[in-house]
Amino acid sequence: MNSVDIYFFLKENNLNDARIEKIYHENGEVILRLYKGKKFILKISKKYIMLTDKFSSDSNPDTFTMTMRKYLKGKITIEQHNLDRVLEIKTSNGILICEMFRNGNFIICDNNYKIILPEKSQEWRTRKIKSKEIYKYPPSRNIFNRENFIKEMKSSDKKIVSFIGSSGFGVYSEEICLMANVDKETQCKNLSDEKIEKIYDLIKTFLKREIKPNIIFKEDKIYDFSPVNLKIYDNYKKNFYPNFNNVLNIVFKPVEKKKEDKVENIIKDKLEKYEKMEKEFLDTALFIQENADYIQFFLNSMKNKIKGMKKVKIDINGKKITIDLSKSLMKNASIYYERAKQVKNKIENVRKLRAKSTRGATKKLADEFNNFKDEGYSELRILEELEVELDPEE
């Protein structure tokens, strides 16, 4: 789920004032037994949030579970921070912050946002997720601040589809571009002020769309899912459902422990994709090194056309490559080598886990590929996840 999916889930399901009856922490998920006129279960993982009516636990509560039970009691309010993949479940005694991006995290705070206990301690240059630290939100772009959002869009070197996508919209950025009748490859800074204002208004309009939950199919396999009807998928088969939660329960159906052959098929398929990706990065790096003089000549001949651009995509004898103009060609080659190295490390880690025959190892493998499982992830969504991980400058 991306930020917009989460937004529509909360729009469809008003969970405020539900009362916590019991809370669990298992397999990287937080599960809340709630009551609001009737009993129901809320499941939150690093990749989804959904309601279900089935859950059983036979494990002893860990320290994180016991701490949640101490500080999270009574009625809740649940909020999405800006349009980020960050949820806050607030009670009178404490707050549970759910970071639903990258590897995910759950953080228990007091009502002043002082961290009591995180699921995982983490540290970056700009913030720390550790006990006794004050919680800071991850850096993001506030889509609800019109003035700042438009100002940033006007000065951005990004393609408009990438800018909107990185603002929480993910794959829905293509729908926005279609609604605005603008080429999705256009750099933001090359758009007119009038067009940028129109795009912003369409982004806000998109969030007011009628909820029409559906699953999109390609060749009879689940390709994507959406809380609203998308024109970009008009040529695909769609199944519509009464509510978005139905869709999520189908798409994020848990991998059954006994179906290890299914897990193995997922692993095999994704290893092949990783290996193909590694080869493409290596081939591109080698191509740049071997054809540096010709590429430089080509870029020089296009000097006036590419002036002021940060990156350019070129086609040399059928080989399409993206060049960062702020770096030398040899540095560009190094970046592709680094990307190949990162993918290779992923491949090696998965192979090590695969070699283990225990049930725990099998489960780790299932978790490793949860992002990329066939049910519910189009190639666009897979790339959306990989983009952050494979960028050596991130």
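Quick caveat, the model's predicted, so the values are computed rather than measured.

Colleague: Honestly, the overall build of the protein chain in this entry has me stumped. Any pointers?
Modeller: Within the protein chain, the secondary structure is distributed over 13 helices and 17 strands. When each of the 394 residues of the protein chain is scored for burial, the buried share is 45%. Long-range pairs, those at least 24 residues apart, make up 55% of the contacts in the protein chain between residues at least 6 apart in sequence. Of the roughly 21200 Å² of accessible surface on the protein chain, 47% is carried by carbon and sulfur atoms.

Colleague: Can you help me understand the packing of aromatic side chains in this one?
Modeller: The description of an aromatic ring pair rests on the distance of the ring centres and on the angle between the ring planes. Under the defined criterion, the tally for this structure stands at 15 aromatic pairs. Centroid distance Phe225 to Phe252: 5.8 Å. Interplanar angle 80°. Geometry classified as edge-to-face. Of this pair, Phe225 sits in strand β14 (residues 221-226) while Phe252 sits in the loop between α7 (244-251) and α8 (260-290), placing them 27 residues apart in sequence. Overall, Phe252 belongs to the buried group, its relative accessible area being 2%.

Colleague: Quick question: what am I supposed to make of the packing of helix α3 (residues 146-155) against helix α4 (residues 160-169) here?
Modeller: Two packed helices can be described by the angle between their axes and the distance between those axes. In the contact formed by α3 and α4, the axes pass within 11 Å of each other and the chain directions differ by 145°. Where α3 crosses over α4, the handedness of that crossing is right-handed. Packed against α3, whose contacting residues are Phe149, Glu152 and Met153, the element α4 presents Ile160, Phe163 and Ser167 at the interface. Here the residues of the contact of α3 with α4 are counted per class, giving 4 nonpolar, 1 polar and 1 charged.

Colleague: Which parts of the structure should I look at to understand the sheet that holds β14?
Modeller: Note: strands within a sheet are paired through backbone hydrogen bonds, in either parallel or antiparallel orientation. The 3 strands are arranged β14-β13-β15 in an open sheet whose pairing can be described as antiparallel. Only two strands of the sheet have a single neighbouring strand rather than two, namely β14 and β15 (237-240). Each neighbouring strand pair of the sheet contributes to a mean axis angle of 30°, computed without reference to strand direction. α7 contacts β13 (214-218) and β14 of the sheet and is inclined by roughly 145° relative to β14.

Colleague: Explain the side chain of Glu29 to me, please; I cannot follow it from the model alone.
Modeller: For Glu29, the position within the fold is in strand β2 (residues 29-35). Once residues within four sequence positions are removed from consideration, Glu29 is found in contact with Tyr24, Lys43, Ile44, Ser45, Tyr48 and Phe106.

Colleague: Help me out: how do you make sense of the sheet that holds strand β3 (residues 39-44) in this one?
Modeller: Spatially, 5 strands are ordered β4-β3-β2-β1-β5 in an open sheet, and the strand pairing comes out antiparallel. Looking at strand neighbours, the two that pair on one side only are β4 (49-52) and β5 (74-75), the edges of this open sheet. Looking at chain direction, strand β1 (residues 19-26) and β2 are connected through 7 bridges and run antiparallel. Within β2, the residue paired with His25 across the bridge is Val30. Those strands touched by helix α2 (residues 63-71) are β1 and β2, and its axis lies near 165° from that of β1.

Colleague: What is the right way to read the nonpolar core from this model?
Modeller: One broad rule of soluble globular proteins: the nonpolar side chains tend to lie buried together. The biggest cluster of nonpolar side chains holds 39 residues, and the ones touching the most others in it are Met1, Phe9, Leu42 and Leu96. Here this core takes 4 residues from α7, the largest share from any one element. Discounting residues that sit within four places of it in the chain, Phe9 has contacts with Met1, Leu15, Leu42, Ile49, Met50, Leu51, Phe244, Asn245 and Leu248. Tyr172, Ile176, Tyr200 and Leu207 belong to the second largest nonpolar core, which has 32 residues in total.

Colleague: Mind showing me how you'd approach the environment of Glu79 here?
Modeller: Looking at the element boundaries, Glu79 is found in strand β6 (residues 77-80). Residue class for Glu79 comes out partly exposed when judged on its relative accessible area of 37%. Note: C-alpha distance between Glu79 and Lys90 (11 residues apart in sequence) is 8.2 Å. Beyond its immediate sequence surroundings of up to four residues, Glu79 is in contact with Val86, Leu87, Glu88 and Lys90.

Colleague: Sorry if this is basic, but what is going on with unusual backbone geometry here?
Modeller: Residues other than glycine predominantly adopt negative phi, and peptide bonds predominantly adopt the trans conformation. Residue Arg102 is not a glycine yet carries a positive backbone phi of 45°. Along the polypeptide, Arg102 turns up in the loop between β8 (95-99) and β9 (105-109). The phi torsion at Tyr113 lies on the positive side, around 70°, for a residue other than glycine. Tracing the sequence through the fold places Tyr113 in the loop between β9 and β10 (115-118).

Colleague: I keep staring at the state of the cysteines and nothing clicks. Help me out?
Modeller: Among covalent bonds in proteins, the disulfide is the one between the sulfur atoms of two cysteines. Under the definition given, this model contains 0 disulfides. For the unlinked cysteine Cys177, the closest cysteine sulfur is that of Cys188, found at 8.7 Å.

Colleague: What am I meant to see in the side chain of Thr91 here?
Modeller: Among the structural elements, Thr91 can be located in the loop between β7 (86-90) and β8. Among the residues examined, Thr91 registers a relative accessible area of 8% and is labelled buried. Setting aside residues no more than four positions away along its own chain, Thr91 makes contact with Ile20, Tyr71, Leu72, Lys73, Lys75, Ile76 and Asn111.

Colleague: Help me understand the pattern of salt bridges, please; the structure alone is not making it clear to me.
Modeller: Side chains bearing opposite charge may pair, as long as their charged atoms lie close to each other. In the structure shown here, the tally under the stated rule is 18 salt bridges. Here Arg19 and Glu21 are joined by a salt bridge, their closest N and O atoms 3.6 Å apart. The partly exposed category is assigned to Glu21, whose relative accessible area is 35%. Lys90 is the salt-bridge partner of Glu88, the closest N and O atoms lying 3.8 Å from each other. Taking the relative accessible area as the measure of exposure, Glu88 reaches 3% and is therefore buried.

Definitions and cut-offs
Residues numbered from 1 in each chain as written. Predicted model: local features only at pLDDT ≥ 70, side-chain atom pairs only at ≥ 80, totals over all residues. Heavy atoms only, no water. Helix = DSSP H or I, 4+ residues; strand = E, 2+ residues; numbered from the N terminus. Buried < 20%, exposed > 50% of the residue type's maximum accessible area, 1.4 Å probe, protein only. Contact = heavy atoms within 4.5 Å. Areas by Shrake-Rupley, 256 points an atom, 1.4 Å probe, with all protein chains shown as cover. Phe/Tyr/Trp six-rings, centres within 6.5 Å; stacked < 30°, edge-to-face > 60°. Axes fitted to C-alpha atoms, helices over the stretch in contact; angles between N-to-C directions. Left-handed = near helix turned anticlockwise from the far one by under 90°. Nonpolar A, V, L, I, M, F, W, Y, C, P; charged D, E, K, R; others polar. Pairing = 2+ DSSP bridges. Core = buried A, V, L, I, M, F, W, Y, C linked by side-chain atoms within 4.5 Å. Disulfide = S-S within 2.5 Å. Salt bridge = Lys/Arg side-chain N within 4 Å of Asp/Glu carboxyl O.

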